[in-house]
Amino acid sequence: MKTPELLAPAGTLAMLDTALAFGATAIYAGQPRYSLRVRNNDFGDLAVLKTGIDRVHAAGGQFYLVSNIYPHGAKLKTYIRDMAPVIDLKPDALIMSDPGLMMMVREEWPDQAIHLSVQSNTVNAAAVKFWARNGVSRVILSRELSLDEIADIRQACPDTELEVFVHGALCIAYSGRCLLSGYMNHRDPNQGTCTNTCRWDFKVHPAREDASGDVFLIEERERRAGSYNVIEEDEHGTYILNSKDLRAIEHVKSLVDMGIDSLKIEGRTKSPYYVARVCQAYRQAIDDSVAGRDFDSRLLDSLDGLANRGYTGGFFDRHQDVSAHQNYERGSSESSRSLYVGDVLGFDAQRGLAEVAVKNRFAVGDRLELVQPAGNRSLVLSAMQNAEAAPMQVAPGSGHRVWLPLPADSVGAFVTRFVSGAEARLPDPVVAAEAEQSGGCGSGGCGSCG
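From a predicted model like this one, the values you see are computed outputs, not experimental measurements.

Colleague: Would you mind going over the overall build of the protein chain with me for this structure?
Modeller: Helix and strand counts for the protein chain stand at 12 helices and 21 strands. Within the span of the protein chain, comprising 450 residues, buried residues form 56% of the whole. Put simply, of all contacts in the protein chain between residues at least 6 apart along the chain, 68% involve residues at least 24 apart. Carbon and sulfur atoms make up 50% of the accessible area of the protein chain, which totals about 18700 Å².

Below, the structure is given as structure tokens:
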């Protein structure tokens with residue numbers, strides 16, 4: 001049975017290294033100017049991009065450069081000039097969506113492999129064949145497909161590589177083609193600057209009724225109180241909704257059995273901790289499927305520990321209740337199991353203590369988990385010291401360094417604290433900083449544009 005590649009996102013070199021350490025076999029990253037991730041993206045620096053590509057190749061993996069913007073004329077004029085030194089770095093493929101840019105790449109670099117972005121919304125076998133005849137070696141299928149539809153495409157297109165998203169943020173629009181942020185905040189999702197307007201806390205005020213249906217005014221009270229926008233509601237309802245996050249780990253075996261070439265994780269703007277947890281879980285799910293082992297339901301608990309907006313299987317299973325897809329109660333993330341609280345930076349053998357960079361509050365007596373590529377370990381924290389070696393009971397939050405009695409081989413581990421109840425809700429400032437680095441749905445344009 002073919003083992004599909006596990007394709008992980010990277011916005012930084014730290015994220016790239018973490019993904020490889022936790023089981024990814026391929027990495028995708030993009031330049032801010034030509035991909036739909038402007039923020040939290042270090043790969044606009046050519047030296048950083050070269051280092052990333054070299055590290056992935058040294059690990060025996062594949063590096064795919066996202067170049068999936070739909071460019072206006074100004075960017076079209078600079079594209080070939082800017083991409084020439086990038087192509088020299090030998091990315092294994094360009095992930096693209098615009099036919100014009102593909103034509104230009106074909107003319108300038110005929111041997112460069114091209115993968116079709118999910119932004120192109122490929123939902124049937126005829127479209128896959130069309131793109132294959134036009135030089136595309138892999139198609140990233142639309143998220144709006146069921147397992148049966150994916151299987152049909154695989155059967156009809158056996159010679160074209162197929163890639164499927166299995167985890168991460170979902171967009172309310174069709175595979176990310178949304179104009180809500182551009183309309184309301186003048187930041188275009190399709191140019192990489194989505195403000196995740198769909199996540200805002202809207203209040204509805206009645207306005208009038210006309211022949212087309214009811215008209216309402218909506219107010220986003222947290223940041224834009226007193227500013228009203230018009231929405232219309234007809235017999236089908238309104239369309240500003242807040243999608244749950246995709247989690248399809250229980251469907252990995254079906255995708256492996258179909259012969260899907262690549263299983264993809266969304267989240268280039270998120271943290272190394274996020275990519276560690278997700279890669280670790282999906283690596284096991286893939287390996288278990290290939291080996292014929294049963295699905296390990298503990299993997300669901302592991303992913304519950306990540307900050308998320310509730311999980312959905314997306315469109316893999318049809319005819320689910322609408323509440324299975326949309327989150328009507330909150331736009332921020334919650335974790336029902338654990339909170340990312342620190343990184344292990346080093347170990348002092350004389351003192352028998354590990355130095356930890358604190359990310360969120362934790363205290364002596366808390367049950368902690370060390371997240372490591374070789375396997376995770378749980379422990380109850382028995383003691384803690386500050387930078388001056390004085391005993392302390394509580395690490396108050398981000399910016400502090402503390403010393404903990406952790407194993408010598410824990411250097412490089414992520415530290416999480418088990419949580420429950422109201423504490424499981426992560427406030428947005430924490431999510432936006434280190435706990436998730438998601439900025440809403442975890443996307444620059446929106447959560448669908450790999």
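Colleague: Help me out: how do you make sense of the packing of aromatic side chains in this one?
Modeller: Given two aromatic rings, their pairing is described by the distance between the two centres and the angle made by the two planes. Counted under the stated rule, the structure contains 7 aromatic pairs. Members of the aromatic cluster, joined through ring pairs, are Phe22, Tyr273, Tyr340 and Phe414. A cation sits over an aromatic face here: arginine 143 above phenylalanine 165, 3.8 Å from the ring centre. Over the face of the ring belonging to phenylalanine 418 we find arginine 367, whose NZ or CZ atom lies 3.9 Å from the ring centre.

Colleague: How should the nonpolar core be read in this particular structure?
Modeller: One recurring pattern in soluble globular proteins is that nonpolar side chains are buried together. Residues Ile27, Phe63, Leu141, Ile150, Leu255 and Cys279 are the most contacted members of the largest nonpolar core, which totals 88 residues. Those residues in contact with phenylalanine 63 that lie beyond four places of it in its chain are Leu16, Ile27, Ala29, Leu49, Gly52, Ile53, Val56, His57, Pro91, Asp92 and Ala93. Core analysis: the next-biggest nonpolar cluster, separate from the first, contains 19 residues, Leu339, Leu370, Met384 and Val419 among them.

Colleague: Hey, could you run me through unusual backbone geometry in this one?
Modeller: The phi torsion of most residues other than glycine is negative, and most of the peptide bonds are trans. Residues other than glycine seldom take positive phi values, yet lysine 90 does so here, at roughly 65°. Relative to the helices and strands, lysine 90 resides in the loop between α3 (73-87) and β4 (93-96). Despite not being glycine, alanine 389 shows a phi value in the positive range, around 70°. Mapped onto the elements of the fold, alanine 389 is located in the loop between β18 (377-380) and β19 (394-395).

Colleague: Mind showing me how you'd approach the packing of helix α1 (residues 13-21) against helix α10 (residues 272-291) here?
Modeller: Packed helix pairs are specified by the crossing angle of their axes together with the interaxial distance, meaning the distance between the axes. Following both chains from N to C, one finds α1 and α10 inclined at 15°, their axes separated by 8 Å at the closest point. As far as their axial angle goes, α10 and α1 are roughly parallel. In the crossing of α1 with α10, the sense of the turn from one axis to the other is right-handed. On α10, the residues that touch Ala14, Met15, Thr18 and Ala19 of α1 are Pro272, Val275, Ala276 and Cys279.

Colleague: Teacher, can you tell me more about the pattern of salt bridges here?
Modeller: It is possible for side chains bearing opposite charge to pair when their charged atoms get close. Inspection of the entire model under this criterion finds 21 salt bridges. Here arginine 298 ties to aspartate 296 by a salt bridge, and the two come within 3.0 Å at their closest N and O atoms. With a relative accessible area of 61%, arginine 298 lands in the exposed category. Each of Glu5, Arg138, Glu161, Glu163 and Lys264 takes part in one network of salt bridges that share partners.

Colleague: Hey, could you run me through the confidence of the model for the protein chain in this one?
Modeller: Should pLDDT be low for a region, the predicted coordinates there are not to be read in detail. Residues of the protein chain with pLDDT of at least 70 account for 76%, and the chain-wide mean is 84. Under a pLDDT of 50 for its full length, residues 326-332 has, in the predicted model, 22 contacts with residues more than four places off or in other chains. Scored below 50 in pLDDT, residues 426-449 shows 100 contacts in the model against residues more than four places distant or in partner chains.

Thresholds applied
Residues numbered from 1 in each chain as written. Predicted model: local features only at pLDDT ≥ 70, side-chain atom pairs only at ≥ 80, totals over all residues. Heavy atoms only, no water. Helix = DSSP H or I, 4+ residues; strand = E, 2+ residues; numbered from the N terminus. Buried < 20%, exposed > 50% of the residue type's maximum accessible area, 1.4 Å probe, protein only. Contact = heavy atoms within 4.5 Å. Areas by Shrake-Rupley, 256 points an atom, 1.4 Å probe, with all protein chains shown as cover. Phe/Tyr/Trp six-rings, centres within 6.5 Å; stacked < 30°, edge-to-face > 60°. Lys NZ or Arg CZ within 6 Å of the ring centre and 35° of its normal. Core = buried A, V, L, I, M, F, W, Y, C linked by side-chain atoms within 4.5 Å. Axes fitted to C-alpha atoms, helices over the stretch in contact; angles between N-to-C directions. Parallel < 35°, antiparallel > 145°, perpendicular 65-115°, else oblique. Left-handed = near helix turned anticlockwise from the far one by under 90°. Salt bridge = Lys/Arg side-chain N within 4 Å of Asp/Glu carboxyl O. pLDDT = per-residue confidence, 0-100.

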